[in-house]
Amino acid sequence: MKTLVVFLLLMNVSQHASALEVYEGVESVLLTCKDTSVPFDPTLVWTRHDLDPPIVHERNDAGDELRAQNQRYRRRTSMKTDSLRTGDFSLTLRNPITSDSGNYTCTITAFGNTRTLSTVDLQVKVSHQVLTLQVYDGAESALLPCHIPFVSGPSTVVWSRYDLNPPTVHQRQQEEDELTDQNQRYRDRTSMKTDALQTGDFSLTLRKPHIFDSSNYTCTIRVRGEEPRLTDVQLQVKEPYIFPAEAWVLLAVMIIAATVALGVYLWKLLKKVPKVEVNSGVESVQLPCKATLHLPEDVRVEWTNRKNRKVHVYEDNCDQPEEQHQVYRDRTKMNEDLLKTGDLSLTLKYPTGWDADTYTCTVYSRREKILMKNRVQLYVRVPQVEVDSGVESVQLLCKAAVHLPKDVKVEWKDNCYSYYKRKVHVYENGSDQPEKQDQVYRDRTKMNEDLLRTGDLSLTLKQPTERDNSTYTCTVYSRWKRILMERKVQLKVRVCQVEVEEGAESVQLPFKTTQNLPEDVRVEWGRYEPEYNMVHWYENGSDQPEEQHQVYRDRTKMNEDLLKTGDLSLTLKQPTERDSGEYVCGVWRNDDIMRFKTVQLKVKVVMVTQGLALTKALGTDMVEKAVTKRWRRGSETQRGEVSWCY
C-alpha cells in the first residue's frame, strides 16, 4: 500500500518544458527543476540522451553519485546540498560551451518507479570576444590571450590576421603545429603551449613584436560538428617611452630648458628677424636690406645662408659669380648703383622649398671689418591643388627654371610615409620608365611630350582618390646625380559625399577607376563602426557573400564586368540611418593595394506632418500618432514636405 501511494505521488507531478539561452563564456547557468512533494528514499538524475553515457548528474540520500557521469561534465555540475529535502533539484552547470547545447531531462525514481519532472532545452551561443593588448616595441614577447574552458573532439586552432595575404599567423592541429600556410613575416616568431588542446589555453606568444605587428588578430577554434568560436585581439605595439632614472635629473633638465627658452624668447624680442613669404613657383622674390650708414666704394657685400654658403657676392663695384655656391648660380641679382642708393636687397629667382632659410647680408670694409649686418627669413609655401574624389585626372604643375640637357633624369615622388618616399613617375634617357614607379601609380601617370624642350615637367595623375593625398616632389638630376632643381606641390582630394533619405529603395556609393583591371585582384568594400566590418567582397570573378558581415547580407550589389569597365560602385539596398558613415573600397593584388577610395554616406531621417493647424485641431498626441502612421506607410507618403518634431 505504501509503494502505491508513492507511485501515485510521482504520477501526479507536473512536467515542465522550458528553453534557456546563454552565451559561451558566462561563469555558470542554472537548469531549473522543482517539486513540492519529495518521496521517501528518492534518486534524482539529470540526463542528456544524445550522449553516451547520458548521465549528467545523479544524487540520492547518500549524496552525489558520479561514477556513471559523462566525463565532459566532470567537476562542472552541482546541486544544492539540501535539494532532496526542499524539492529544489535545479542543476548548476559551470563554464557552459557550445557543445553543451541540448535537451536536459530531470527525473526522480522511488521504489522502482521513475517520473520525468522537467526538460530544459539549453542553447549555448558563441560569444565573439574582442580584447585589446598594448605592448612596447622592443619587448621580449607579447601574449595574445584566447581561452576556451572545454573542447570536445578533434579540433583546429588558427590565429589569423586578415589584412595580410596569406592571413595565417599560426595554426595548431591536434598535437602539433601546421605552419605550411604561415605568413613569412611570422616565421620562427610564434608558438603555443604544447598542451593547448587539452587545457583550452590557445594563447599565442609573439616574439620580438614591432610597430608593424599592430593589427587585429583572430583566434578561430573549429571543432567538428560545432560552430566556430572566435576571439579578436587588437594588438597595439607602441614606441617605448624612456623615463629618466632619477627624478632630480628630470627636474634639472626642465629648469635648464625653461632658462634657455626664456633666453631665446628675450633674444627674439630684442632682435626680430623680418619675414618674407612667397609661393613655390613664383618667378622671383626679393630679400630686403637697407644700409643705415654711408657706404665707401671699396666695401664688400656678402649674402649668405644659415650654412654660411655664399648666395651672392658684390665687390670692386661688380658682382663676383665665381664665389657663389652652385645652387644659387644664375639665380641672384642685386640693384644697380647699390652703394649710392644704399639698397642692398637681393632678388632670388624661382624660389622653392629648399630655399626656405635665414639669409644674412653682411657689409665688410677693405680691412674686413664688419660695418653692418642684416638678416631676413624666407618662407616658401608649397602650392596646393584641391579636387573632388571621382574626377578623371588632376595635374601637378612643375615648370623648369633652368635649361634642361638631354641626359637629365626627372623623378616625381610622394611623401606618403615619413620613412619611405614612393616613386610616382620616372623619366630618364628620353622616355618614361614605368618599371621603376611604385605599383600604386602604375598606369595612372603621364608627363607632357617634348618636356625637355618646353620645360613643362607637370604630372597628370589619373583617377585621384583621398589615398593620393600627399606632398609630391619633382626633382631633376644631372647625369652625375646632382640636383638641378626641385619643386613641390600638395594634393588634396576631397572625400566623396553621398546623401539619401531613409526609405529610399537603394543608394549607390560611386567608385570608377581604370578599365581592364587584372583578373586576380580582389575588391573589398568595408566600414569602420568602430571596428572594421566587411560590406562586400569580390574575388575570383564573383561575389563572396560568406565574407560579408551579416548586417549587409543580401543588401549589396556590384556591377557586372566590373574589372573590365573599372566601375567598382556599390549599390546598398534599403539604407537606414544606421548605415550612415564612412565606407572604404580597396582594390588588392596579393598584399599590395592598387586602388583606394572613401565615400561618406549620410542617410537623412525625414518626418512628415500635416502642419501646425492639425496640431491645434487634434492635439499633440493625435498628431504624433498620425505622423507615425504616415511614416510607416513608407513609399505611400510624400517625403520631404516638412521637417518638424516636438
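Just above sits the structure.
Residues numbered from 1 in each chain as written. Predicted model: local features only at pLDDT ≥ 70, side-chain atom pairs only at ≥ 80, totals over all residues. Heavy atoms only, no water.

1. Looking at the environment of Thr571
Here's step 1: Topologically, Thr571 is positioned in strand E43 (residues 570–573).
Here's step 2: Between the alpha carbons of Thr571 and Asn559 there is a distance of 8.6 Å; along the sequence they are twelve residues apart.
Here's step 3: Those residues within four positions of Thr571 in sequence are excluded, and the remaining contacts are Ser506, Val507, Gln508, Arg555, Thr556 and Lys557. (Helix = DSSP H or I, 4+ residues; strand = E, 2+ residues; numbered from the N terminus. Contact = heavy atoms within 4.5 Å.)

2. Some words on empty space enclosed by the protein
Here's step 1: Applying the stated criterion to the full structure yields two cavities of 30 Å³ or more.
Here's step 2: Looking at the largest cavity, its volume works out to about 90 Å³.
Here's step 3: Contributing to the lining of the largest cavity are 13 residues, with Arg444, Thr465, Met594, Arg595 and Phe596 lying nearest its centre.
Here's step 4: Residues of the lining of the largest cavity, tallied by class, amount to five nonpolar, three polar and five charged. (1 Å grid on protein atoms, 1.4 Å probe; cavity = no way out; pocket = protein on both sides within 12 Å on 5 of 7 lines; lining within 4 Å. Points joined across faces, edges and corners; volume = space filled by probe spheres on them. Nonpolar A, V, L, I, M, F, W, Y, C, P; charged D, E, K, R; others polar.)

3. Side note on the pairing of strand E22 (residues 310–315)
On a regular strand, each side chain points to the face opposite its neighbour's, so the side chains alternate between the two faces of the sheet.
Here's step 1: Note: strand E21 (residues 300–304) against E22, five bridges, orientation antiparallel. Looking at the pairing, Val301 lines up with Tyr314 of E22.
Here's step 2: Between E21 and E22, which pair antiparallel one after the other, the connecting turn spans five residues, and Asn308 there sits at a positive phi close to 65°.
Here's step 3: The pairing of E22 with strand E23 (residues 318–319) spans two bridges and is antiparallel. Considered in E23, the bridge of Glu315 is made with Cys318.
Here's step 4: Counting the residues in the hairpin turn of E22 and E23 gives two residues, including Asp316, whose phi is positive at 55°. (Pairing = 2+ DSSP bridges.)

4. Quick notes on the layout of surface pockets
Any space left empty among the atoms is revealed by the rolling of a water-sized probe across them.
Here's step 1: Of the pockets and cavities examined, the largest pocket occupies roughly 2,100 Å³.
Here's step 2: Around the largest pocket, the lining is made up of 45 residues, and of these Tyr162, Thr218, Tyr532, Asn533 and Met534 lie nearest the centre.
Here's step 3: Partitioning the lining of the largest pocket into residue classes produces 17 nonpolar, 15 polar and 13 charged.

5. So, the packing of aromatic side chains
Each aromatic ring pair is summarised here by two numbers: the centre-to-centre distance and the angle between the ring planes.
Here's step 1: Evaluation of the coordinates by the stated rule reveals four aromatic pairs.
Here's step 2: Where Tyr73 meets Tyr104, the ring centres are 6.2 Å apart and the plane angle is 85°; that geometry is what we call edge-to-face. Residue Tyr73 is found in the loop between strand E5 (63–64) and strand E6 (77–78), and its partner Tyr104 is found in strand E8 (residues 102–110); the two are separated by 31 residues along the sequence. Tyr104 matches Tyr73 in its accessibility class, with the two residues each being buried.
Here's step 3: Ring centres 6.3 Å apart and planes at 80° place the aromatic pair Tyr186 and Tyr217 in the edge-to-face group. Linking Tyr186 in the loop between strand E14 (176–177) and strand E15 (190–191) with Tyr217 in strand E17 (residues 215–223), this pair joins segments that are 31 residues apart in sequence. For the pair shown, Tyr186 and Tyr217 are each scored as buried. (Phe/Tyr/Trp six-rings, centres within 6.5 Å; stacked < 30°, edge-to-face > 60°. Buried < 20%, exposed > 50% of the residue type's maximum accessible area, 1.4 Å probe, protein only.)

6. What about the environment of Leu452?
Here's step 1: Structurally, Leu452 is set in helix H6 (residues 451–454).
Here's step 2: A C-alpha to C-alpha distance of 8.7 Å links Leu452 and Gly430, two positions 22 residues apart in sequence.
Here's step 3: Not counting residues within four places of it along the chain, the set of residues in contact with Leu452 comprises Leu404, Pro405, Lys406, Val408 and Tyr427.

7. Notes on unusual backbone geometry
Here's step 1: In this structure, Pro53 follows Asp52 across a cis peptide bond, with omega equal to 0°.
Here's step 2: Look at the link from Asn165 to Pro166: it is a cis peptide, with omega at 0°.
Here's step 3: Relative to the elements of secondary structure, Pro166 occurs in the loop between strand E12 (155–160) and strand E13 (168–173).
Here's step 4: Phi at Lys208 takes a positive value of approximately 50°, unusual for a residue other than glycine.
Here's step 5: Here Lys208 shows up in the loop between strand E16 (204–207) and E17.
Here's step 6: Phi is positive for Lys481, close to 65°, though the residue is something other than glycine.
Here's step 7: Within the secondary structure layout, Lys481 lies in the loop between strand E35 (470–477) and strand E36 (483–494).
Here's step 8: On the accessibility criterion, Lys481 (72% relative accessible area) is exposed.

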